[in-house]
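# Structural features, examined
The chain contents come next:
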Amino acid sequence: MASSSPAHSQDCAPEGPNGGLPSVKSGVSDESMKLKKEISLLNGVCLIVGNMIGSGIFVSPKGVLIYSGSYGLSLIVWTVGGIFSVFGALCYAELGTTITKSGASYAYILEAFGGFMAFIRLWTSLLIIEPTSQAVIAITFSNYMVQPIFPTCIAPYLANRLLAAACICLLTFVNCAYVKWGTRVQDFFTYAKVIALIAVIITGLVKLGGGYTQNFEGVFEGSSTDPGDIALALYSALFSYSGWDTLNFVTEEIKSPERNLPLAIAISMPIVTVIYILTNVAYYTVLPIPAILDSDAVAVTFADQVFGVMNWTIPLAVALSCFGGLNASILAASRLFFVGSREGHLPDYLCMIHVTRYTPIPALLFNGAMALVYLCVEDIFKLINYYSFSYWFFVGLSILGQLYLRWKQPDRERPLKLSLFFPIIFCFLTVFLVVVPLYSDTVNSLIGIGIALSGVPVYFLCCYTPAHKRPMWIRKFIAKFGLLIQKVCYSVLTEMDTNDKAK
């Protein structure tokens, strides 16, 4: 098995007895210094569903329709996208039960291909994917919360960003307090957004049953026959389905992960696929194609048409959806940085946990700080275009790692073992998902590649280079800063998994 050597894993940690942060664990029982398994099956389902169903299905489900050209073809594309996403989720179910580490694709790439590729995956997440997506979700939340206050004009820029910052800070605090607080917030807001979508679905189906079928006459008229357009439509659908890997970021905190991880995925994926398809059917029943393509928020336009005085419920539902999605993203991203630190790819103090609350407070604060920094970028929505290539590349690489481990370690225990048909098909699909952005958005894709490659010198300077070869003042500064973080956050270093370490 290719993985980073112990020497390299410890090299980018701050100074201490072994080149890392001085440990103060001795006063606390070893058993207590691990993340607790507090995520139940229901919590897992809510995490996946809550992260997959973001604001997109409320605001802009028109990406598929633009390129497909007709209601009939767009519904087929949504269905195919759901099926392919199930393939990817099933592959991650096998990976998550075989490699029982948190961190999702980072952990799987580390296990299969070693520290260098895993670090590049971590670097792109740290630098662009996680903080950008969280900042965008927070801004979308803020937009819909202030909309009733400024109904006839655009809300002040500063007010919008301050509310977004308050949202990030509040959810960071909730997740720092207790894991259970974070999962309860997630459960509540997942219920809220699903109920809102069920209301949209029921309204649309009642209209459809009442004879509103004119929008479905000639349902395939105008369908695009251009393979490039169909590819872009499928790409839009698959991007809307992204988020099925959320639970894999917190594998170590799931109760009975061998059972609950694949079961949560098996429950969540059909729910989201059915909700997406039926929600679009409801939209298509009430709104003609031009109305959908011209709308900045399709669900709001839908509510204006059919909800009457209750149309205010949809902007509220969008805000609640964003709040829940942001909570899931914060929970997942903090665990990614936590695991990256534990593997030696980030400073040691990011893998510390609070001595009584058992939450990774330094990792959560780091993640929140990065998101707040990106809120200061005025054109934040442009940054999100840079990471499509990298995101799908690393998802595909982790599935390729699944095939590699099947070949390299055929006798390894696998509680869930899929037919090779699923990872092979999904690997071909991710090739498509990597090529499409290069074709449709070449400049932004190349910028995304450049951002990923910027991690190469960082890896060799900060992780590969032995600690004793770094300037002494840097080593002392990192060690002292780490000790300060340790005291302020009342946290200590978590244990490495001794079984994994032995491998």
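Scroll up to find the structure.
In what follows, the accompanying structure is described. (Residues numbered from 1 in each chain as written. Predicted model: local features only at pLDDT ≥ 70, side-chain atom pairs only at ≥ 80, totals over all residues. Heavy atoms only, no water.)

Here Ser295 is to be found in the loop between α12 (289-294) and α13 (298-306). Classification of Ser295 as buried rests on a relative accessible area of 6%. Only 3.0 Å separates the side chain of Ser295 from the backbone oxygen of Ala297, close enough to count as a polar contact. A polar atom in the side chain of Ser295 sits 3.3 Å from the backbone nitrogen of Val298. Non-local contacts of Ser295, meaning those with residues more than four positions away in its chain, are made with Lys62 and Thr301. (Helix = DSSP H or I, 4+ residues; strand = E, 2+ residues; numbered from the N terminus. Buried < 20%, exposed > 50% of the residue type's maximum accessible area, 1.4 Å probe, protein only. Polar contact = N/O pair within 3.5 Å; in protein donor to acceptor, adjacent residues only side chain to side chain. Contact = heavy atoms within 4.5 Å.)

In this section: the nonpolar core. Counting 150 residues, the largest nonpolar core has Ile53, Phe58 and Leu247 as its most contacted members. The element that contributes the greatest number of residues to this core is helix α14 (residues 313-342), accounting for 16 residues. For Leu247, the contacting residues outside a window of four places in its chain are Ile39, Gly44, Leu47, Ile48, Ile254, Leu261 and Ala264. (Core = buried A, V, L, I, M, F, W, Y, C linked by side-chain atoms within 4.5 Å.)

Turning our eyes to something else, we now look at the packing of helix α7 (residues 115-146) against helix α20 (residues 455-464). Where α7 contacts α20, the axes come no closer than 10 Å and their chain directions differ by 120°. What the angle tells us is that α7 and α20 run oblique. Relative to α20, α7 is oriented so that their crossing is right-handed. Listed contacts from α20 to Gly115, Phe116, Phe119, Ile120 and Trp123 of α7 are Gly455, Val456, Val458, Tyr459, Phe460 and Cys463. Among the residues making up the contact of α7 with α20, the classes are represented as 9 nonpolar, 2 polar and no charged. (Axes fitted to C-alpha atoms, helices over the stretch in contact; angles between N-to-C directions. Parallel < 35°, antiparallel > 145°, perpendicular 65-115°, else oblique. Left-handed = near helix turned anticlockwise from the far one by under 90°. Nonpolar A, V, L, I, M, F, W, Y, C, P; charged D, E, K, R; others polar.)

Turning to the packing of aromatic side chains, a few remarks are in order. Applying the stated rule across the entire model yields 33 aromatic pairs. Between Phe113 and Tyr404, the aromatic rings sit 5.7 Å apart at their centres with planes inclined by 35°, giving tilted as the arrangement. Of this pair, Phe113 sits in helix α6 (residues 105-113) while Tyr404 sits in helix α17 (residues 388-408), and the two are 291 residues apart along the sequence. We classify Phe113 as partly exposed; its relative accessible area is 27%. Ring geometry for Phe141 and Phe323: centres 5.5 Å apart, planes at 45°, overall tilted. Placement of the pair is Phe141 in helix α7 and Phe323 in helix α14, with a sequence separation of 182 residues. You'll find Phe141 and Phe323 in the same group, each marked buried. Taken together, Phe116, Phe119, Trp123, Tyr459, Phe460 and Tyr464 form an aromatic cluster joined through their ring pairs. (Phe/Tyr/Trp six-rings, centres within 6.5 Å; stacked < 30°, edge-to-face > 60°.)

Even without glycine at this site, Ser256 takes up a positive phi of about 45°. Here Ser256 is to be found in the loop between α10 (227-240) and α11 (257-286). Backbone geometry places Tyr358, a non-glycine residue, at a positive phi of 60°. One can find Tyr358 in the loop between β1 (352-354) and α15 (361-375).

We now examine helix α2 (residues 41-52). The end-to-end C-alpha separation of α2 is 17 Å, in line with the 16 Å expected for 12 residues at 1.5 Å each. In terms of residue burial, α2 counts as a mostly covered element, since 9 of its 12 residues are buried. Looking at the buried positions of α2, the neighbouring elements they touch are α9 (179-209), α10, α11 and α14. (Expected span 1.5 Å × (residues − 1).)

For the structure on display, the rule yields 6 salt bridges. Between Arg412 and Glu111 there is a salt bridge, with the nearest N and O atoms lying 2.9 Å from each other. Here Arg412 is found in the loop between α17 and α18 (421-440), whereas its partner Glu111 is found in helix α6, with 301 residues between them in sequence. Here Glu111 falls in the buried class, since its relative accessible area comes to 6%. (Salt bridge = Lys/Arg side-chain N within 4 Å of Asp/Glu carboxyl O.)

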